[in-house]
Amino acid sequence: MADDNRRLPPGQTLTEKFPVLHYGGIPAFQKESWTFRLFGLVEEEKTFTYDGFMGLSQNEIVADFHCVTTWSRYDNTWEGVASSTIVDLCNVKASAKYVLIHCEQGYTTNLSLHDFLRKDVIFAHSHDGKALTPEHGFPLRLVVPHLYAWKSAKWVRGVEFIQDDKPGFWESNGYHNHGDPWTEERFS
Ligand SMILES: Nc1nc2c(c(=O)[nH]1)N[C@H]1C(S)=C(S)[C@@H](COP(=O)(O)O)O[C@H]1N2
Ligand SMILES: [Mo]
């Protein structure tokens, strides 16, 4: 397809596989103790149980996925809860300009509220019609299709709304603060 050149960001190679990439181990999931927390600059903090979160209104997106280590995978279907659904639920204060995504084992990643609220940003529980596997983030991961995939945090447990930007895990370890694959914002 003639279009393919423009669909693949610079320096990337297409793969049909779905590689697994993360720092550390794969956390165990315990439904009874799992929570999802919205906190920081919100009018009311909110904590969801697993069933409570899964009961929120559902969305589906189809998007390409670009890892900074140079692989890209096209046409991933993700199903879950849109970031805008989350934000509507907790009355974010006007002073909030960034979010810090919190995951199991202390993994974090940062986004501007603007990037977080892009309409295809989703907290996904399913990929290509099946529940996420543990290595891909079960029970819940964030998907931020327009940025490199380290922003698509696996095993997510909460969102902190903050006023000043604060680098997350990879962003503190040499990766770019923003991570736009089209302008190759790979490293800082
Ligand atoms: N919790 C957590 N999420 C993470 C990471 C990580 O180290 N920990 N690595 C990121 C990176 S670098 C990539 S490329 C994607 C890979 O997602 P996948 O393993 O489902 O392909 O997960 C991202 N999410
Ligand atoms: Mo990555």
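Just so you know, the residues in each chain are numbered from 1, in the order the chain's sequence is written. Here chains are named by letter from A upward and ligands by number from 1 upward, in the order in which they appear as written. The model is predicted, so local features are restricted to residues of pLDDT at least 70 and side-chain atom pairs to those at 80 or more, both for listing and for counting; the totals for chains, interfaces and linings are taken over all residues. To get the side-chain values, all heavy atoms of the structure are used, and hydrogens and water are removed first.

Colleague: I would appreciate a short explanation of the layout of surface pockets in the present structure.
Modeller: In the cavity and pocket records, a cavity denotes points on a 1 Å grid over the protein atoms alone where a 1.4 Å probe fits but cannot get out, a pocket denotes an open set with protein on both sides within 12 Å along at least 5 of 7 lines, and lining residues are residues with an atom within 4 Å of a point. Grid points are joined across faces, edges and corners, and a volume is the space filled by probe spheres set on the points. Reported here for the largest pocket is a volume of approximately 380 Å³. Lining the largest pocket we find 26 residues, and of these Leu21, His22, Tyr107, Lys154 and Trp170 sit closest to its centre. In this classification, Asp, Glu, Lys and Arg are treated as charged, Ala, Val, Leu, Ile, Met, Phe, Trp, Tyr, Cys and Pro as nonpolar, and every other residue, Gly included, as polar. Residue composition of the lining of the largest pocket, grouped by class: 17 nonpolar, six polar and three charged.

Colleague: How should I be thinking about empty space enclosed by the protein in this particular structure?
Modeller: Using a probe with the size of a water molecule, rolled over the atoms, empty space left in the structure can be pinpointed. Across all of its chains, the model carries one cavity of 30 Å³ or more by this definition. By volume, the largest cavity amounts to about 30 Å³. Lining the largest cavity, in full, are Pro27, Ala28, Phe29, Trp34, Glu104, Phe138, Pro139, Trp155, Val156 and Arg157. Looking at side-chain class alone, the lining of the largest cavity contains eight nonpolar, no polar and two charged residues.

Colleague: Please explain the pattern of salt bridges as it appears in this structure.
Modeller: When a carboxyl oxygen of Asp or Glu is within 4 Å of a side-chain nitrogen of Lys or Arg, the pair counts as a salt bridge. For the structure shown, the criterion picks out eight salt bridges. Of the charged contacts in the structure, one is a salt bridge between lysine 31 and aspartate 51, with a shortest N-O distance of 3.3 Å. Placement of lysine 31 in the loop between β1 (13-14) and β2 (35-40) and of aspartate 51 in helix α2 (residues 50-54) is noted, with a sequence separation of 20 residues between them. The buried label goes to any residue with under 20% of its type's maximum accessible area, the exposed label to any with over 50%, and the partly exposed label to all in between, with areas taken from a 1.4 Å probe on protein chains only. Residue class for lysine 31 comes out partly exposed when judged on its relative accessible area of 37%. The salt bridge partner of arginine 157 is glutamate 104, with a shortest N-O separation of 2.8 Å. With arginine 157 in strand β11 (residues 156-162) and glutamate 104 in the loop between β6 (98-103) and β7 (108-112), this residue pair connects regions lying 53 residues apart in the sequence. With relative accessibility at 23%, the residue arginine 157 sits in the partly exposed group. Connected through salt bridges with shared partners, the residues Arg7, Asp64 and Asp75 form a single ionic network. Helix and strand definitions follow DSSP, with helices as H or I runs of at least four residues and strands as E runs of at least two, each counted in order from the N terminus.

Colleague: How should the packing of aromatic side chains be read in this particular structure?
Modeller: Within 6.5 Å between ring centres, the rings of Phe, Tyr and Trp (the latter by its six-membered ring) count as paired, and their orientation is classed by plane angle as stacked under 30 degrees, edge-to-face over 60, tilted in between. Per the stated rule, a full pass over the model turns up 23 aromatic pairs. Seen from their ring centres, tryptophan 34 and phenylalanine 36 are 6.3 Å apart, and the 25 degrees between their planes marks the pair as stacked. The pair formed by tryptophan 34 and phenylalanine 36 is uniform in burial state, with each residue classed as buried. Arranged with centres 5.7 Å apart and planes meeting at 20 degrees, the rings of tyrosine 148 and tryptophan 150 form a pair that is stacked. Put simply, the rings of Phe29, Trp34, Phe36, Phe48, Tyr50, Phe53, Phe116, Phe123, Phe138 and Phe161 touch in pairs and so form one group of aromatic residues. Only when the NZ atom of a Lys or the CZ atom of an Arg is both within 6 Å of the ring centre and within 35 degrees of the ring normal do we say a charge sits over the ring. In this arrangement the basic side chain of arginine 7 is found over the ring face of tyrosine 74, its NZ or CZ atom lying 3.9 Å from the centre.

Colleague: Got a minute to help me understand the environment of phenylalanine 138 in this structure?
Modeller: Within the fold, phenylalanine 138 resides in the loop between β9 (130-131) and β10 (141-143). Relative accessible area serves as the criterion here: at 25%, phenylalanine 138 is assigned to the partly exposed category. Separated by 16 residues in sequence, phenylalanine 138 and lysine 154 place their C-alpha atoms 7.5 Å apart. Other than its neighbours up to four places away in sequence, phenylalanine 138 contacts Phe29, Leu132, Thr133 and Trp155. Here, residues are in contact when the closest pair of their heavy atoms is within 4.5 Å.

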